[in-house]
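# Reading the structure
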Amino acid sequence: MTPPTVAFSLDGKPLTAHAGETIWAAAQRHGVEIPHLCHQDPLRPVGNCRACMVEVAGERVLAASCCRTVAPDMQVRAQSPRALAAQRGVLELLAARKPQRVDRVNDELDHWAQRLGADRSRYAAAFRDVQAEAAHWPQAPAVDNSHPAITFNADACIQCTRCLRACREEQGNDVIGLAGRGAGARIVFDQGAPMGESTCVACGECVQACPTGALAPGNGSWAKLSSREVDSVCPYCGVGCALTYHVQPDAQGHEHIARVEGRDGIANQSRLCVKGRFGFDYVANPARLTKPLIRRDDAPKNPGQVRLADWRTVFREATWDEALERAASGLLRIRGQHGGKALAGFGSAKGTNEEAYLFQKLVRVGFGTHNVDHCTRLCHASSVAALLEGLGSGAVSNPVMDVLQADVVLIIGANPTVNHPVGATWMKNALKRGTRLILADPRRTELARKAWMTLQFKPGADLALLNAMLHVVFAENLLDRASVAARCHPDEVEAIRQHVAALSPEAMEPICGVPAADIRASTRAFATSKGSMIFWGMGISQHVHGTDNVRALIALCQLTGQIGRPGTGLHPLRGQNNVQGASDAGLIPMMFPDYVRTQDAGVLEQVERYWALPQGHLSRTPGLTVVEIVHAALAGTIRGMYIEGENPAMSDPDVHHARQALAGLEHLVVQDIFLTETAALADVVLPASAWPEKAGTVTNTDRLVQLGRKALASPGEARADLWIIQEMSRRLGVVPIAEVDMHGGAAGVGAVFEEMRGMMASIAGISWARLQREGSVTYPCPAEDEPGQRVVFIDRFPTADGRAKLRPAPLGFADEQPDNAYPYVLITGRELEHWHTGAMTRHASVLDALEPLPTVSIHPTLLAKLGLRAGEALQVESRRGVITLATRADEAMPEDAVFIPFAYAEAAANLLTNAALDPWGKIAEVKYCAVKLGKPQAAMAQA
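Since we're looking at a predicted model, the values are computed, not measured.

What follows is about the overall build of the chain. A count of helices and strands for the chain gives 30 helices and 36 strands. Whereas a compact globule of 943 residues would reach a radius of gyration of roughly 30 Å, the chain reaches 29 Å, a difference of no more than 12%. Once the C-alpha set of the chain is aligned to its principal axes, its extents read approximately 90 × 70 × 70 Å. Residues counted as buried form 62% of the 943 residues belonging to the chain. In the chain, of all internal contacts separated by at least 6 residues, the share reaching a separation of at least 24 is 71%. Accessible area for the chain stands at about 34,200 Å²; split by element, carbon and sulfur atoms hold 51% of it. For the chain, the distance from the average site of its 94 positive side-chain charges to the average site of its 100 negative ones is 2 Å.

Laid out in structure tokens, this is it:
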């Protein structure tokens, strides 16, 4: 349907505007530029800069074109002498106030001043008088360098308030404000604190919005022209933000990434977080691996020494030919002596889809085993297991941004403002519009202050809460009868009804700690709204009952009919940038690409034909998962491993045993960009490419396949991951995919993508050529002339009969409960500034400056009970290990639990965690274990 139009004229030329469109927007759409400073897409105009003033026939005063709506037959003059004089006068006033220096090479004020011939000196004397008087007023210093990432030059601020709206309306952070009046008005952070001491989360949205460079990157990169701009994708979380790298030469002429800006991508619409915007210089860190390394004969592996001060004490440099030969021959020897079952491979969720596909093919064909896995086993394996079982698909039903169409949102076991910050901005935007948030978590996370209902359940009691909510659905007849009849099996619905009959909110309240009235009110709101969504994270999945948790969420959605429409559905927030894509590409032991089960009838034969292998070449034995592989290595049945871009010596549960297992391997090959804790235990280390140094695709949490482009050359002799995997494959007898460049160039990557696409019906319509044109496409996309499906499960589920398979979720609890010896609960997770095991972020200067030390978050009451003050050291001990780290008082914590991020090798949280497995998803219970707390032993001895 064509939108209604309004006829008007601009400078005598007849034009049309859309109904409700502003004069400025209509002019811009027709190619007529009017000066403006108070807004830029997507920031709304507020008319406070007055640079866009125009004449409207019949009106006495000028109108701000960015705020004035076009009326029928309106006659507008933007270039009349009066309008131009007003526009020029505003620019002259602003230019006279702003110092004449380059804070930003594309300064918008300078651009418009030059465009309209504004005289900078016209008001200079007057402003000198005003500034002399203002020197006596209380105000912030002219330059605020207190923040590690951002510099605020107050004297360059024109008070357009774009930064304020970017902070509050886009990111929802409420940090930037406007204080004072008249000539004393000024931008402030919180209530006048230095920026570095404020609650700023360093998303940099204000920097991107600032038209003059008053807010700018602290490294001064905006004052220099970029030699190149390269569009790519953020390498951190699963939101998959589109970004642009600005490449500049250094003093020696070597190119580096000087800054990063958000790009108008489908998932982020130009938004970024602190990691995406400021966490890029890890690629240039001096600690980067630049040459292949081989373990010295006089350097035995030591699981207690994984942080090497000098790699030369353990390794020697080698040529690529020697390193590749040594790496492959060791694996071939084990395969020849003990068979493929004695080998295993860990791929990476931080690499590309093409790398994941080629790596799993190498293991299956070259090793002769399905022992291949990656970090999804430690984050959302239970979610995928339950979703595949219940709905026939392991992917999300709706994109994150669908939250803007939801009436009610349930977030459980997730902390989006920390783990998926840009995704959280859409949630905050939705709440501001009136969406009701039900936040369920043992901690009162940042979103709690915006929540309609907070269900702070006891750690490990998630199933008590979820079963109580299902009880309410049945007891209060909140089922969607049409959905249940059309898309469920009656006997399964009845089984759940009987299971939850005795699990009422009143019965579960003492167990989960949530008032029964709140459980009932939340369930009613979720079930009866026109659109309800569920988001969950590893707080739900990383438990021995993680699969049952997700089964309960599936039942809650399906029984209430909250799936298959925009603003509804199930969304497990994927952790790393390509954990979805790596899983899709078959980097898991029990699945080939597209989640085709390796043990299904005829599948192995079909894959053998596609890969041109002899019949019977692929192993008929099911593969082992991450934790099972580590256990097998400790037992001596796994003797050799090839690890690409993973760090199990930090990420695995009970990491002391994981390090023992890795050190005990006969042969370990590690491919990475830094000498990680895992690489320190390797026999051969292969220096790989960082994300900005390669081309390839990644798939975000929304099922959006996106193209990343190469921005830099790798340092020294580091090589593209795809080239390394291909070279290892050759030596292990795997036929190369194509005799083309694999050094990060698009041609070689495209050849791998096209072979992968041939195995995956879900991306059949996403050709390499299409990605080159469009940059991103959502799957499922069965044909090249289709846009891809943002919302799935609309009519049926991809199961044999099109119906969901619902299962009761038995009331279960953590494997290891607190007792008198270990009375407290440890919760682990990520923090905003660091990612996963810290291999990248702790080598990024800004991120490490923001959070340089490991801390343990603890409730002030418990802190006082222990006789400690915030900042003092606390010893945390489990049955598996002990670490000491500084305390951080946090009233959001329950009084019987502590939280530790697992990014810090010097206080590795996974030295403490429990390796007990969920029987379905084979995921470890790293979110919960029993610990005891106390002052460090050394400090007690001194006292």
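By the element assignment, A149 lies in the loop between β6 (143-144) and β7 (150-153). Note on A149: relative accessible area 3%, which makes it buried. Distance in space between the C-alpha atoms of A149 and E506 is 50 Å, their sequence separation being 357 residues. Excluding its chain neighbours within four sequence positions, the residues that come into contact with A149 are A216, P217, G218, F278 and V846.

This brings us to the pairing of strand β28 (residues 696-699). The two faces of β28 match: G696 and V698 on one face and T697 and T699 on the other face are all buried. The hairpin formed by β28 and strand β29 (residues 704-708) contains four residues between the paired strands, and R703 there has a positive phi angle of roughly 70°.

Tracing the backbone shows V306 in the loop between β14 (293-295) and β15 (315-317). Residues V306 and N145 lie 161 residues apart in sequence; the distance between their C-alpha atoms is 36 Å. Among residues more than four places away in sequence, those in contact with V306 are R659, T676, E677, A680 and L681.

Membership of the largest hydrophobic core comes to 133 residues, with the highest contact counts inside it found for L215, Y282, Y642 and M728. When residues in this core are grouped by element, the largest group, eight residues, is from helix α9 (residues 353-367). Once residues within four sequence positions are removed from consideration, Y282 is found in contact with P235, Y236, R288, I673, F674, A690, W691, P692, M840, H843 and A844. In this structure, V630, V655, L665 and A905 belong to the second largest nonpolar core, which totals 60 residues.

Extensive coverage of helix α25 (residues 721-731) is indicated by the burial of nine of its 11 residues. For α25, the full list of buried residues reads D721, L722, W723, I724, I725, Q726, E727, M728 and S729. Looking one or two residues past α25, G733 carries a phi angle of roughly 90°, positive in sign.

Our focus in this paragraph is the sheet that holds strand β21 (residues 532-536). The five strands are arranged β20-β19-β18-β21-β22 in an open sheet whose pairing can be described as parallel. Each edge of the sheet is formed by a strand with only one pairing partner; in this case those strands are β20 (453-455) and β22 (569-572). If you compare each strand with its neighbour and ignore which way they point, the axes differ by 15° on average. Where strand β18 (residues 408-412) and β21 come together, five bridges link them in parallel fashion. Residue pairing across strands places V409 opposite M533, the latter belonging to β21. Here helix α17 (residues 516-528) sits on the sheet in contact with β18, β19 (436-440), β20 and β21, set at roughly 125° to β20.

Attention shifts here to the packing of aromatic side chains. With the rule as written, the count across this model stands at seven aromatic pairs. The interplanar angle of 90° and the centroid separation of 5.4 Å between the aromatic rings of F152 and F189 together place this pair among those described as edge-to-face. Here F152 is found in strand β7, whereas its partner F189 is found in strand β9 (residues 186-189), with 37 residues between them in sequence. When the centroid spacing of 5.4 Å and the interplanar angle of 50° are considered together, the rings of F793 and F797 count as tilted. Each member of the pair F793 and F797 is classed as buried. Directly above the aromatic system of W426 lies the positively charged group of R271, at a separation of 3.7 Å from the ring centroid. Here the basic side chain of R436 rests over the ring of W452, its NZ or CZ set 5.0 Å away from the ring centre.

Turning next to the sheet that holds β29. Pairing within the open sheet is antiparallel, and its three strands lie in the order β28-β29-β30. A single partner strand is all that each edge strand has here, and the edge strands are β28 and β30 (776-778). Across this sheet, the average inter-strand angle for adjacent strands is 20°, counted without regard to direction. With four bridges connecting them, β28 and β29 associate as antiparallel partners. The residue bridging T697 from the neighbouring strand is L707, located in β29. Lying on the sheet, α9 is in contact with β28 and β29; it crosses β28 at an angle near 90°.

Take the packing of helix α2 (residues 81-97) against helix α3 (residues 108-116) next. Pairs of packed helices are described in terms of their axes, by the angle between the two and the distance that separates them. Following both chains from N to C, one finds α2 and α3 inclined at 135°, their axes separated by 10 Å at the closest point. The orientation of α2 with respect to α3, classified from their angle, is oblique. Taken as a pair, α2 and α3 cross one another with a handedness that is left-handed. Mapping the contact onto sequence places L84, Q87, R88, L91, L94 and A95 in α2 and L109, W112, A113 and L116 in α3. Residue classes in the contact of α2 with α3 are distributed as eight nonpolar, one polar and one charged.

Of note, the amide linkage connecting D41 to P42 takes the cis form, showing an omega dihedral of 10°. Along the chain, the position of P42 falls in the loop between α1 (23-29) and β3 (53-56). Residue P780 is bonded to the preceding Y779 through a cis peptide linkage, with omega at 5°. Position of P780 among the secondary structure elements: in the loop between β30 and β31 (824-829).

On to a nonpolar patch on the surface, then. Residues V102, V105 and L225 make up a contiguous nonpolar surface patch of roughly 300 Å² in combined accessible area. Tracing the backbone through its elements, the reader meets L225 in the loop between β10 (215-217) and β11 (228-233). Of the residues examined, L225 reaches a relative accessible area of 71% and is grouped as exposed.

Below, the discussion takes up the side chain of N398. Tracing the sequence through the fold places N398 in the loop between α10 (381-391) and β18. According to the relative accessible area criterion, N398 is buried, its value standing at 0%. Looking at N398, its side chain comes within polar contact range of the side chain of S397, at 2.7 Å. Those residues in contact with N398 that sit more than four places away from it in its chain are M533, R565, P566, G567, T568, G569, L570, H571, R703, R790 and V791.

Another aspect to go through is the packing of helix α16 (residues 505-512) against α17. Interhelical geometry of α16 versus α17 gives an angle of 115° and a closest axis separation of 8 Å. Crossing angle aside, the handedness with which α16 passes α17 is right-handed. Along the contact surface, α16 presents P505, E506, E509 and C512, while α17 presents A516, I519 and R520. Here the residues of the contact of α16 with α17 are counted per class, giving four nonpolar, no polar and three charged.

Within the secondary structure, P808 is located in the loop between β30 and β31. A relative accessible area of 28% places P808 in the partly exposed class. Once the C-alpha coordinates of P808 and D652 are considered, the two residues, 156 residues apart in sequence, prove to be 30 Å apart. Once residues lying within four places of it in the same chain are set aside, the contact partners of P808 are A495, I496, H499 and D548.

As a further point, take the state of the cysteines. Scanning the entire structure with this criterion turns up zero disulfides. Sulfur of C157: no disulfide; nearest cysteine sulfur belongs to C163 and is 6.1 Å away.

Cut-offs and rules
- Residues numbered from 1 in each chain as written.
- Predicted model: local features only at pLDDT ≥ 70, side-chain atom pairs only at ≥ 80, totals over all residues.
- Heavy atoms only, no water.
- Helix = DSSP H or I, 4+ residues; strand = E, 2+ residues; numbered from the N terminus.
- Rg over C-alpha atoms; globule rule 2.2 N^0.38 Å.
- Buried < 20%, exposed > 50% of the residue type's maximum accessible area, 1.4 Å probe, protein only.
- Contact = heavy atoms within 4.5 Å.
- Areas by Shrake-Rupley, 256 points an atom, 1.4 Å probe, with all protein chains shown as cover.
- Lys, Arg positive; Asp, Glu negative; His and termini not counted.
- Charge placed at Lys NZ, Arg CZ, Asp CG, Glu CD.
- Pairing = 2+ DSSP bridges.
- Core = buried A, V, L, I, M, F, W, Y, C linked by side-chain atoms within 4.5 Å.
- Axes fitted to C-alpha atoms, helices over the stretch in contact; angles between N-to-C directions.
- Phe/Tyr/Trp six-rings, centres within 6.5 Å; stacked < 30°, edge-to-face > 60°.
- Lys NZ or Arg CZ within 6 Å of the ring centre and 35° of its normal.
- Parallel < 35°, antiparallel > 145°, perpendicular 65-115°, else oblique.
- Left-handed = near helix turned anticlockwise from the far one by under 90°.
- Nonpolar A, V, L, I, M, F, W, Y, C, P; charged D, E, K, R; others polar.
- Patch = residues over 30% accessible without salt bridge, like charges linked within 9 Å, V, L, I, M, F, W, Y side chains within 5 Å.
- Salt bridge = Lys/Arg side-chain N within 4 Å of Asp/Glu carboxyl O.
- Polar contact = N/O pair within 3.5 Å; in protein donor to acceptor, adjacent residues only side chain to side chain.
- Disulfide = S-S within 2.5 Å.

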